[in-house]
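Listed below are the residues making up each chain.
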Amino acid sequence: MTEDQILVARILRGDMEAFRNLIKVHERLVSHMVSRLIKQREDHEEICQDVFLKVHEKLGVFNFQSKLSTWIATIAYRHAINFMKKKRILIEEVSAESLVERFVDHETPEEIFIDKDLDAYVKTLIEKLPAQYKMVLTLFHLDGMNYEEIGEITGMPEGTVKNYLFRARNILKEKIKTQTSKEEIV
Amino acid sequence: MNIDKEKLKGQMEEEKTLSPITTEDVEAIGRVLAVLENEDKSIQLSSNFSDSIIKQVMHKRAKENRFGWFGYLAGIVGLIVMLIISLSLVEFKFDLGFLKGIANYSGLFLFGIAFICLLNILEKRFIRFSSE
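Quick caveat, the model's predicted, so the values are computed rather than measured.

Notes on unusual backbone geometry
Of all residues except glycine, most have a negative phi; of all peptide bonds, most are trans.
1) Next: Of note in this structure, F64 of chain A is not a glycine but carries a positive phi near 60 degrees.
2) Next: Even without glycine at this site, E91 of chain B takes up a positive phi of about 50 degrees.
3) Next: With respect to the helices, strands and loops of the structure, E91 of chain B is situated in the loop between α3 (49–89) and α4 (98–101).
4) Next: Under the relative-accessibility criterion, E91 of chain B is labelled exposed at 61%.

Structure representation (structure tokens):
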């Protein structure tokens with residue numbers, strides 16, 4: 001029996017301390033998943049709570065076909081997407097062409113000023129990145145998940161995950177490299 | 001910046017691209033990830049986050065228990081009511097049936113009970129003992 005299986009068995013027997021442990025271990029992941037999709041900070045904690053309540057409710061049907069963390073992340077992702085739909089927050093479908101279009105320079109004087117600080121510039125680039133791209137990028141690099149796990153969480157085919165990751169990285173690195181070389185010339 | 005550059009380079013090289021991954025590429029993506037990591041860190045859940053979830057689960061469970069007991073009692077009352085209605089509809093008359101017939105053979109009845117008890121004792125003493 002794995003550690004996750006023991007933990008789940010204890011929770012199913014009604015052990016609340018075990019459930020508290022599960023929350024402590026996964027709260028960071030859930031919080032990050034939700035915040036990457038939903039910008040409204042006032043709803044953030046409530047959505048995270050709802051995710052864990054759903055986890056507790058559905059734990060009996062979890063069959064260990066995937067890792068517990070992947071399953072919890074899937075619930076968090078779907079819950080956040082449902083919240084966005086309920087609040088009529090647009091979930092954009094971004095094609096390769098329109099993604100490139102987003103990053104074409106139409107710099108306002110304010111943006112030119114921001115460009116002086118590379119981290120601030122990177123922030124503006126990340127803000128332009130559609131939520132799904134940002135999600136794939138962070139799940140892969142920061143949460144250390146593989147293509148299959150990301151596909152399972154987001155419901156995207158593995159090929160799409162790879163594509164999003166490749167496109168996001170490519171466009172960001174090219175913009176940053178251009179900016180860095182501009183700074184070096186100055 | 002807590003991003004492991006070597007690991008990041010490895011991850012980027014997993015995909016077969018036409019051009020090789022340069023140090024500048026890794027630096028650029030490392031910077032993006034550092035910003036994203038800081039963004040994640042800036043969002044904190046309250047210190048009593050797990051307590052409030054546990055409280056909600058307990059509250060829900062108590063509510064479900066109350067509803068469960070209510071359902072259980074309502075079921076028993078419903079069954080009794082249905083039984084009374086059914087009995088009155090079919091005009092059921094209570095009858096001891098075959099028991100009336102064997103009422104005169106009380107000795108045989110007692111022998112039956114004693115015989116069953118004896119079989120049980122024998123089974124416990126000898127058969128179970130030998131199989132162990």
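Once you've had a look at it, read on.
Some remarks on the side chain of S50 of chain B
1) Next: By the secondary structure assignment, S50 of chain B is in helix α3.
2) Next: Overall, the relative accessible area of 2% leaves S50 of chain B in the buried class.
3) Next: Apart from the residues within four sequence positions on either side, S50 of chain B is in contact with R20, I23 and K24 of chain A.

Re helix α1 (residues 3–12) of chain A
All names here are of chain A.
1) Next: Taken as a whole, α1 has its buried residues at L7, V8 and I11. The arc enclosing the buried residues of α1, seen along the axis, measures out at 95 degrees, which places them on a common side.
2) Next: Residues of α1 that are buried in the fold lie against α2 (16–37), α3 (41–58) and α4 (68–86).
3) Next: The first or second residue beyond α1 is G14, which carries a positive phi of 100 degrees.

What counts and how
For every chain, the first residue of the written sequence is number 1, and numbering continues from 1 onward in sequence order. The naming scheme follows written order: chains are lettered A onward, ligands numbered 1 onward. With pLDDT at 70 or above as the cut-off, local features in this predicted model cover only qualifying residues; side-chain atom pairs require 80 or more to be listed or tallied, and sums for whole chains, interfaces and linings still use all residues. Each side-chain value is worked out from all heavy atoms of the structure, with water and hydrogens disregarded. Counting from the N terminus, the helices are the DSSP runs of H or I reaching at least four residues and the strands are the DSSP runs of E reaching at least two. Buried, partly exposed and exposed residues are distinguished by accessible area as a fraction of the type maximum, computed with a 1.4 Å probe on protein chains only: under 20%, between the cut-offs, and over 50%, respectively. In what follows, residue pairs with any heavy atoms lying within 4.5 Å of each other are defined as contacts. Think of the arc as the fan of directions from the helix axis to the C-beta atoms.

As far as function goes, none of this settles anything; it's purely spatial.
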